[in-house]
Amino acid sequence: QVQLVVSGGGLVQAGGSLRLSCAASGSIFSFNAMGWYRQATGNEREMVAIMTRGGSTNYADSVKGRFTISRDIAKSTVYLQMNSLKPEDTAFYYCAADQGTVYWGRGTQVTVPS
């Protein structure tokens, strides 16, 4: 029933910026929280940024000051603005939404060459 459509991935040079979008079916207020996760090849999946229904945010230490999670309620969309990108940010990025049960989007690849 719940669908999360992710877009905005791609290849960018180090120091550049990229914005990911996650469009959810229905109102994003139906979710306890939404967020972004990533998994680099050979690594474990890690939390990048989350936002609760009330707007509280939490970030991985590795992206604090560089990434920003935001939302457009009218568009039922959550964004991840990624600035000052580093090769270490290269990973497959997933959108997730929690309604008690966690739903996962298809995800998108972000590549930052060394």
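The following refers to the structure shown. (Residues numbered from 1 in each chain as written. Predicted model: local features only at pLDDT ≥ 70, side-chain atom pairs only at ≥ 80, totals over all residues. Heavy atoms only, no water.)

Let's shift gears to the side chain of Thr108. Residue placement: Thr108 occurs in strand E11 (residues 108–111). Since its relative accessible area comes to 13%, Thr108 is described here as buried. Side-chain polar atoms of Thr108 contact the backbone nitrogen of Gly9, separated by 3.4 Å. The residues touching Thr108, leaving out its near neighbours within four places in the chain, are Val6, Gly9, Leu20, Ala91, Phe92 and Tyr93. (Helix = DSSP H or I, 4+ residues; strand = E, 2+ residues; numbered from the N terminus. Buried < 20%, exposed > 50% of the residue type's maximum accessible area, 1.4 Å probe, protein only. Polar contact = N/O pair within 3.5 Å; in protein donor to acceptor, adjacent residues only side chain to side chain. Contact = heavy atoms within 4.5 Å.)

Within this structure, the stated rule accounts for four salt bridges. Notably, a salt bridge pairs Arg38 with Asp89, separated by 3.0 Å at the nearest N-O pair. With Arg38 in strand E4 (residues 33–39) and Asp89 in the loop between strand E8 (77–82) and strand E9 (91–98), this pair connects stretches of sequence that are 51 residues apart. You can call Arg38 buried: its relative accessible area is 5%. Relative accessible area serves as the criterion here: at 1%, Asp89 is assigned to the buried category. The salt bridge involving Arg66 is made with Asp89; its shortest N-O contact spans 2.8 Å. Note that Arg66 is positioned in the loop between strand E6 (57–59) and strand E7 (67–72) and Asp89 in the loop between E8 and E9, a separation of 23 residues in sequence. The exposure classification of Arg66 matches that of Asp89, with both residues buried. (Salt bridge = Lys/Arg side-chain N within 4 Å of Asp/Glu carboxyl O.)

A few words on the pairing of E9. Taken across its eight residues, E9 has six buried, putting it largely inside the fold. Two strands pair when backbone bridges link them, and E4 and E9 are joined in this way by seven bridges, in the antiparallel orientation. Its bridge partner lying in E9, Trp36 is registered against Cys95. Both E9 and E11 contribute to a ladder of three bridges, which runs antiparallel. Within E11, the residue paired with Ala91 across the bridge is Val110. (Pairing = 2+ DSSP bridges.)

Moving on to the environment of Val110. Summarising the element assignment, Val110 is placed in strand E11. Taking the relative accessible area as the measure of exposure, Val110 reaches 0% and is therefore buried. Separated by 108 residues in the primary sequence, Val110 and Val2 have C-alpha atoms spaced 24 Å apart. Ignoring anything within four residues of it in the chain, the contact list for Val110 reads Gly9, Gly10, Leu18, Leu20, Met82, Asp89, Thr90, Ala91 and Tyr93.

In the structure shown here, the tally under the stated rule is three aromatic pairs. When the ring of Tyr37 is compared with that of Trp104, the centres are 5.1 Å apart and the planes differ by 65°; the resulting orientation is edge-to-face. Note that Tyr37 is positioned in strand E4 and Trp104 in strand E10 (residues 102–104), a separation of 67 residues in sequence. Consider the rings of Phe92 and Tyr94, whose centres lie 4.9 Å apart with planes at 65°: the pair is edge-to-face. Here Phe92 falls in the partly exposed class, since its relative accessible area comes to 26%. (Phe/Tyr/Trp six-rings, centres within 6.5 Å; stacked < 30°, edge-to-face > 60°.)

Any functional reading would require information beyond the geometric quantities listed.
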